[in-house]
Amino acid sequence: MASGRIIKLVVFELLEFAAFSIPTLVIVEQFATAYQRTRNIHEKTHYWLIVSCSIAYVASVSLLIWVPIKVLLYKKQHLSKKIKGWRPVMMMCVVLTTLPSFSFSIAVTEVQKNINGSADVLPDTLPDLPVSLVLTSLIVVDIIEKLRTYSLRGRQMSNEDRHIHTTNLQQIKTVTNQGRQNEGSPAPPQPAKRTQASRPPAATTQSPAPEPARPEEPPFQSGILRMMSRRDVRAEIFLWSFVLWSDTIEMVRVAGHPAVYKSGWLYPVYIFSFISLLRIIFTPQNPLLNSLGILLQDLPFIFVRLSLIIDLGTITPTLGLCKNVLVTLSYVYFNYLTKFRVFSTFELSSF
């Protein structure tokens, strides 16, 4: 009987391969349908030719790139441990699946406009399924890559709960050791403490800043509140994986607005949406991830959304623009401006 580890590996690999191959086939099939409508409806030659090319593309990249790299990473564990800071599986999905899918999404409208000579013949709304399928598949692969190091059975504490549990154990050990020392030997005479006035100026200015006090959360030890307060890091992976890419999802949905895909704004929306997805290649613990989030997503989205609002009106939510502006300004202020003397005054109060 197969072990749980083998079953988990097989299920994960099948899900990843489905997320890798299905979006391209669906997007190209949509392109083939749109192209067929511009030709003889009764003749399906162009339709099946385009569909067969998409199948051949998926089969070739799967056999020549996807499968060899997956086998190499599985067989050579020491090689996979040397890869730090980025994920080869996510790079293959972004380059070989997301990029062609976005390209054919643009081609769907461009082919219709070029053949009919006008954008008025385009439908009032673009189908949301293909683009949503591309982003969902990419997020699913990201979730699977994060879940590989966790067991799917049993309980798993979240990072914050683990930190609280470790802190409580350290406090208990400290109190226990102090009690044993007090029982074993009398306390030695304490030397006289220096006053703050007797300290040299360098010692006063270079003293480490105390950590700000955090608000205490109410403990729930029993009842329904305890059940509602449970947190598992595996469930949080699903939550934050979708929350992290909600801004990009909203930007891609803007491309389905008639005023966008019937004009030249379709190109910058898809281009900058794809650029923002490049962050998914890096590991979640990569120190560069925060700065890349500003450079690849928030900063470009500010100009794109501001330009769309000025030219076409509020077709994109102003909440997204406010989010991009506030995230960019807060990152620059707290990481760079606070190093200057005028912003470096330490604040003791938490209010």
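Procedures and definitions
Residues numbered from 1 in each chain as written. Predicted model: local features only at pLDDT ≥ 70, side-chain atom pairs only at ≥ 80, totals over all residues. Heavy atoms only, no water. Axes fitted to C-alpha atoms, helices over the stretch in contact; angles between N-to-C directions. Helix = DSSP H or I, 4+ residues; strand = E, 2+ residues; numbered from the N terminus. Parallel < 35°, antiparallel > 145°, perpendicular 65-115°, else oblique. Left-handed = near helix turned anticlockwise from the far one by under 90°. Contact = heavy atoms within 4.5 Å. Nonpolar A, V, L, I, M, F, W, Y, C, P; charged D, E, K, R; others polar. Core = buried A, V, L, I, M, F, W, Y, C linked by side-chain atoms within 4.5 Å. Buried < 20%, exposed > 50% of the residue type's maximum accessible area, 1.4 Å probe, protein only. 1 Å grid on protein atoms, 1.4 Å probe; cavity = no way out; pocket = protein on both sides within 12 Å on 5 of 7 lines; lining within 4 Å. Points joined across faces, edges and corners; volume = space filled by probe spheres on them. Phe/Tyr/Trp six-rings, centres within 6.5 Å; stacked < 30°, edge-to-face > 60°. Lys NZ or Arg CZ within 6 Å of the ring centre and 35° of its normal.

1. Side note on the packing of helix H13 (residues 289-312) against helix H14 (residues 318-335)
- For the pair H13 and H14, interaxial distance at closest approach is 9 Å and the crossing angle is 140°. If you check the angle between H13 and H14, you find them oblique. Judged by the twist between their axes, the crossing of H13 over H14 is left-handed. Across the interface between the two elements, Asn-290, Ser-291, Ile-294, Gln-297, Asp-298, Leu-299, Phe-301, Ile-302, Arg-305, Leu-306 and Ile-309 of H13 pack against Thr-318, Gly-320, Leu-321, Lys-323, Asn-324, Val-325, Val-327, Thr-328 and Tyr-331 of H14.
- In terms of residue class, the contact of H13 with H14 is built from 10 nonpolar, 7 polar and 3 charged.

2. Brief notes about the nonpolar core
- Membership of the largest hydrophobic core comes to 43 residues, with the highest contact counts inside it found for Phe-102, Leu-138, Val-269 and Tyr-270.
- Elements with a minimum of two residues in this core: helix H1 (4-37), helix H2 (45-75), helix H4 (88-116), helix H5 (129-147), helix H10 (246-254), helix H11 (258-261), helix H12 (266-277) and H13.
- Top contributing element to this core by residue count: H5, with 9 residues.
- What Tyr-270 contacts, discounting residues up to four positions off in sequence, is Phe-102, Ser-105, Ile-106, Val-131, Val-252 and Ala-255.

3. Structural notes on empty space enclosed by the protein
- One pass over the structure, following the stated rule, counts 2 cavities of 30 Å³ or more.
- Empty space within the largest cavity amounts to approximately 40 Å³.
- Ala-19, Pro-23, Cys-93, Thr-97, Thr-98, Val-134, Ser-137, Leu-138 and Val-141 together form the lining of the largest cavity.
- Mapped by element, the contributors of at least two residues to the lining of the largest cavity are H1, H4 and H5.
- Considering each element in turn, the lining of the largest cavity owes the most residues, 4 residues, to H5.

4. A few points about the packing of aromatic side chains
- A complete count under the given rule lists 8 aromatic pairs for this structure.
- Arranged with centres 5.3 Å apart and planes meeting at 65°, the rings of Phe-31 and Phe-104 form a pair that is edge-to-face. Taken together, the residues span a long stretch of sequence, with Phe-31 in helix H1 and Phe-104 in helix H4 at a distance of 73 residues.
- Residue classification places Phe-104 among the partly exposed positions, given a relative accessible area of 27%.
- Ring pairing ties together the aromatic residues Phe-31, Tyr-35 and Phe-104, which thus form one cluster.
- Directly above the aromatic system of Tyr-47 lies the positively charged group of Lys-44, at a separation of 5.8 Å from the ring centroid.

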